[in-house]
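The primary structure of each chain is shown beneath.
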Amino acid sequence: MAMISIKGLTKRFGDLQILKGVDLTVAEKEVVAIIGPSGSGKSTVLRCLNFLEAPSSGEIFIDGKRLGYEDDISGGRKRLKDADLNRQRAEIGMVFQQFNLWPHKTVIENIIEAPMLVRKTPRAVAIETGRRLLDRVGLLAKQDVYPSTLSGGQQQRVAIARSLAMQPKVMLLDEVTSALDPETVREVLDVIKALAEEGMTMVLVTHEMAFAREVADRVIFMDEGQILEAANPAQFFSSPTHPRARAFLEKVL
Ligand code: ADP
Ligand code: MG
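Report on the accompanying structure. Quick caveat: nothing in here was measured; it's all calculated off a predicted structure.

**A short note on the environment of Leu85**
Here comes step 1: Topologically, Leu85 is positioned in helix H2 (residues 82-89).
Here comes step 2: Sequence separation between Leu85 and Tyr69 is 16 residues, and the spatial gap between their C-alpha atoms is 8.4 Å.
Here comes step 3: For Leu85, the contacting residues outside a window of four places in its chain are Phe51, Gly68, Arg79 and Leu80.

**Section: the pairing of strand S11 (residues 218-223)**
Here comes step 1: Most of S11 is tucked away, with five of its six residues classed as buried.
Here comes step 2: Note that strand S3 (residues 31-35) and S11 share four bridges and pair parallel. Bridge pairing in S11 places Ala33 opposite Val219.
Here comes step 3: Sheet topology note: the S11/strand S12 (residues 226-231) ladder contains five bridges and is antiparallel. Within the sheet, the bridge partner assigned to Val219 lies in S12 and is Ala231.
Here comes step 4: In sequence, S11 turns back onto S12 through a hairpin of two residues, with Glu224 there showing a positive phi of about 50°.

**Let's talk about the site of ligand 1**
Here comes step 1: Every residue lining ligand 1 is accounted for by Phe13, Ile18, Pro37, Ser38, Gly39, Ser40, Gly41, Lys42, Ser43 and Thr44.
Here comes step 2: Taking Gly39, its main chain carries an N or O atom lying 2.7 Å from an oxygen atom of ligand 1.
Here comes step 3: In isolation ligand 1 exposes 560 Å². Once the protein is present, 58% of that is buried.
Here comes step 4: Examining the composition of the shell around ligand 1, we find that three residues originate from one element, helix H1 (residues 42-49), more than from any other.
Here comes step 5: For the shell around ligand 1, the residue count by class is three nonpolar, six polar and one charged.

**Let's talk about the pattern of salt bridges**
Here comes step 1: Summed over all chains, the structure comprises 17 salt bridges.
Here comes step 2: Among the ionic pairs, Asp63 bridges to Lys169, the shortest N-O distance being 2.8 Å. Here Asp63, found in the loop between strand S4 (57-62) and strand S5 (65-66), pairs with Lys169, found in the loop between helix H5 (152-164) and strand S9 (170-174); they are 106 residues apart in sequence, far enough to count as distant.
Here comes step 3: Residue Lys169 is classed as partly exposed on the basis of its relative accessible area, which comes to 25%.
Here comes step 4: The salt bridge partner of Glu198 is Arg136, with a shortest N-O separation of 2.6 Å. Here Glu198, found in the loop between helix H6 (182-197) and strand S10 (201-205), pairs with Arg136, found in helix H4 (residues 123-136); they are 62 residues apart in sequence, far enough to count as distant.
Here comes step 5: Each of Arg186, Asp190, Lys193 and Glu214 takes part in one network of salt bridges that share partners.

**Remarks on the packing of aromatic side chains**
Here comes step 1: Under the criterion given, the structure shown has four aromatic pairs.
Here comes step 2: Each ring, one from Phe221 and one from Phe248, has its centre 5.5 Å from the other, and the planes form 50°; the classification is tilted. A residue pair is termed long-range when its members are at least 10 positions apart, and Phe221 in strand S11 and Phe248 in helix H9 (residues 243-252) qualify at 27 residues. For the pair Phe221 and Phe248, a shared accessibility class is recorded, and that class is buried.
Here comes step 3: Pairing Phe236 with Phe237 gives two aromatic rings, centres 5.3 Å apart and planes at 85°, and the pair type is edge-to-face.
Here comes step 4: Owing to a relative accessible area of 0%, Phe236 belongs among the buried residues under this scheme.
Here comes step 5: Three or more aromatic residues link up through ring pairs in this structure, and these residues are Phe221, Phe236, Phe237 and Phe248.
Here comes step 6: Taking the ring centre of Tyr69 as reference, the NZ or CZ of Arg77 above it sits at 4.0 Å.

Criteria and cut-off values
Residues numbered from 1 in each chain as written. Chains lettered and ligands numbered in written order. Predicted model: local features only at pLDDT ≥ 70, side-chain atom pairs only at ≥ 80, totals over all residues. Heavy atoms only, no water. Helix = DSSP H or I, 4+ residues; strand = E, 2+ residues; numbered from the N terminus. Contact = heavy atoms within 4.5 Å. Buried < 20%, exposed > 50% of the residue type's maximum accessible area, 1.4 Å probe, protein only. Pairing = 2+ DSSP bridges. Near = heavy atom within 4 Å. Polar contact = N/O pair within 3.5 Å; in protein donor to acceptor, adjacent residues only side chain to side chain. Areas by Shrake-Rupley, 256 points an atom, 1.4 Å probe, with all protein chains shown as cover. Nonpolar A, V, L, I, M, F, W, Y, C, P; charged D, E, K, R; others polar. Salt bridge = Lys/Arg side-chain N within 4 Å of Asp/Glu carboxyl O. Phe/Tyr/Trp six-rings, centres within 6.5 Å; stacked < 30°, edge-to-face > 60°. Lys NZ or Arg CZ within 6 Å of the ring centre and 35° of its normal.

Everything listed is a geometric property; what it means functionally is a separate question.
Structure representation (structure tokens):
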């Protein structure tokens, strides 16, 4: 069963065609790593998957449901009502390079905010779930501190816990270790790896080639708004077939 299905996705900003027809299917529990040069459209794919950007054309299905639109009577597409769209988006967790935690809220308050607001989860239940998730990312002892007292790696683990608190069907991770001090990168990667092992469906954009190889079921190479190669990691990293993928790997490995 496909958890994510992207069909003919294009995105233009003004005259610039950023995505030129992306097709990708991600199975339930599959972990897909997207790699490629800066500016190739990796973040834009993730942003379309979370409807932070509206696709110019093409369709995205999450767990069988069309994202963002419904058919209209003339055969075109009609944007979903905000309430329906927000319900869909709540099922798609996203974590960014910048953690975007609320600085004036404690760790646990950061985590319970969205479940209470969006899912109407009672405060006591949200706290209970939040504590369980903090424990899972190794930060239960930090529940009452403010984010600024934490290291970058700890803040990113809180951001992951916050995203999980919405019980998403899918997690999208966009270079989540790029802004971290080197000594805190591994603790974040270990949390992601544990999520993968627990069967979370994930699409992650990463510069960490060793990690992509370690955790991904499939590696996608993007360049200039297109997927040029999709392969299992062992095969991709030992013998990429597309010349541009080969050139990219020679630079980064
Ligand atoms: P990547 O994540 O692979 O580095 P992005 O998806 O962020 O690439 O960006 C792909 C291209 O789209 C880049 O050339 C970027 O400048 C352009 N782009 C991204 N967002 C916008 C926007 N909102 N308006 C105009 N151009 C954009
Ligand atoms: Mg990017």
